Each structure stands twice: as structure tokens, then as C-alpha cells.
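# Structural overview for review
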Amino acid sequence: APPATMFAWATVPPAFREMGSLAFSKLLLEEANVPVAPGLGFGEYGENYVRIALVENRQRLRQATRNIKQFLSGRNSRSGAARSPRNVIAAAPGA
């Protein structure tokens, strides 16, 4: 088996688990401008996880991390950030 992959799996935080990985993935896209692939798309055991594609340069991956951190800490608001396809960071296949 290879020692590494270009994907990372993250657990859906407990506060969002009831909504499921698909709705949480949509929320991350809308609120943090970071697309991820919902784990449910990879089978029933993928639920409660999201898959993150590590296919961008370090700067964009760091920005995606900051965006997710701000969203999870409650510092993002739907009315605050402009959304455009150019602002989407670290696109994941199938997201």
C-alpha cells in the first residue's frame, strides 16, 4: 500500500452529525467556501465523514483550513462573505 494519499478523511463534528455528511458538505461550501465530498457518497460506512482533496498548493490549503476553523467557531455568517466560484478553495472530486 502507498504510504500516503491525496485525500484526507475528517469526522463530521458532533454538533453537525445529525444533519449528515451530505448536508454538512453543502454547509461547508456555503459558509466556508470549501467543497468537500460527503462520506455517504462512498457507502454507508462513510456517513459522519467528509473527504477532503489535498490537491491545491499550501497557501490555498491553509486558507481552506482557516475558513473551516472560522466557520466551526461561529465567526462566519451567511450574509458576510461574498460567494463566487473563484473563491472556492481545494475542490474535491465529486463534491
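Here the structure is a predicted model, which is why all the values come from computation and not from measurement.

### As for the sheet that holds strand 2 (residues 37-38)
The strand order 1-3-2 describes an open sheet built from three strands, whose pairing is antiparallel. Two strands bound the open sheet, and with one partner strand each, they are strand 1 (7-11) and strand 2. The pairing of strand 1 with strand 3 (residues 49-53) spans five bridges and is antiparallel. Residue Ala-10 lies in a different strand from strand 3, and its bridge partner there is Val-50.

### Overview of helix 1 (residues 20-32)
In a regular helix each residue adds 1.5 Å, so 13 residues correspond to 18 Å; helix 1 covers 17 Å between its end C-alpha atoms and thus fits that length. Every buried residue of helix 1 is accounted for by Gly-20, Ser-21, Phe-24, Ser-25, Leu-27, Leu-28, Glu-31 and Ala-32. The arc that holds every buried residue of helix 1, seen down its axis, measures 165 degrees, which confines them to one face. Packed against the buried residues of helix 1 are strand 2, strand 3 and helix 2 (58-72). Directly after helix 1, the chain includes Asn-33, whose backbone phi takes a positive value near 60 degrees.

### Let's talk about the pattern of salt bridges
Taken as a whole and judged by the stated rule, the model has one salt bridge. Residue Arg-60 pairs with Glu-56 through a salt bridge whose shortest N-O separation is 3.2 Å. For Arg-60, a relative accessible area of 29% gives the class partly exposed. According to the relative accessible area criterion, Glu-56 is partly exposed, its value standing at 29%.

### Observations concerning the pairing of strand 3
In this structure, strand 2 lies alongside strand 3, joined through two bridges in antiparallel fashion. Among the inter-strand pairings, Pro-38 is bridged to a residue of strand 3, identified as Val-50.

### Describing the nonpolar core
With 12 residues, the main nonpolar core is built from Val-12, Phe-16, Phe-24, Leu-27, Leu-28, Ala-32, Val-34, Val-36, Val-50, Ala-64, Ile-68 and Phe-71. Where this core is concerned, the elements lending two or more residues are helix 1 and helix 2. For this core, the leading source of residues is helix 1, giving four residues. Contact partners of Val-50, with chain neighbours within four places excluded, come to Ala-8, Trp-9, Ala-10, Val-12, Ser-21, Phe-24, Ser-25, Val-36, Ala-37 and Gly-39.

### Structural notes on the packing of aromatic side chains
The description of an aromatic ring pair uses the distance of the two centres, along with the angle that the planes make with each other. Summed over all chains, the structure comprises three aromatic pairs. Judged by centre distance (5.2 Å) and plane angle (80 degrees), the ring pair of Trp-9 and Phe-42 falls under edge-to-face. Of this pair, Trp-9 sits in strand 1 while Phe-42 sits in the loop between strand 2 and strand 3, and the two are 33 residues apart along the sequence. Taking the relative accessible area as the measure of exposure, Trp-9 reaches 45% and is therefore partly exposed. Between Phe-16 and Phe-24, the aromatic rings sit 5.2 Å apart at their centres with planes inclined by 50 degrees, giving tilted as the arrangement. For the pair formed by Phe-16 and Phe-24, the shared burial category is buried. Pairwise contacts between aromatic rings join Phe-16, Phe-24 and Phe-71 into one cluster. A cation over an aromatic ring shows up here: Arg-51 above the ring of Phe-7, its NZ or CZ 3.7 Å from the ring centre.

Rules used throughout
- Residues numbered from 1 in each chain as written.
- Predicted model: local features only at pLDDT ≥ 70, side-chain atom pairs only at ≥ 80, totals over all residues.
- Heavy atoms only, no water.
- Pairing = 2+ DSSP bridges.
- Helix = DSSP H or I, 4+ residues; strand = E, 2+ residues; numbered from the N terminus.
- Expected span 1.5 Å × (residues − 1).
- Buried < 20%, exposed > 50% of the residue type's maximum accessible area, 1.4 Å probe, protein only.
- Arc of directions from axis to C-beta.
- Contact = heavy atoms within 4.5 Å.
- Salt bridge = Lys/Arg side-chain N within 4 Å of Asp/Glu carboxyl O.
- Core = buried A, V, L, I, M, F, W, Y, C linked by side-chain atoms within 4.5 Å.
- Phe/Tyr/Trp six-rings, centres within 6.5 Å; stacked < 30°, edge-to-face > 60°.
- Lys NZ or Arg CZ within 6 Å of the ring centre and 35° of its normal.

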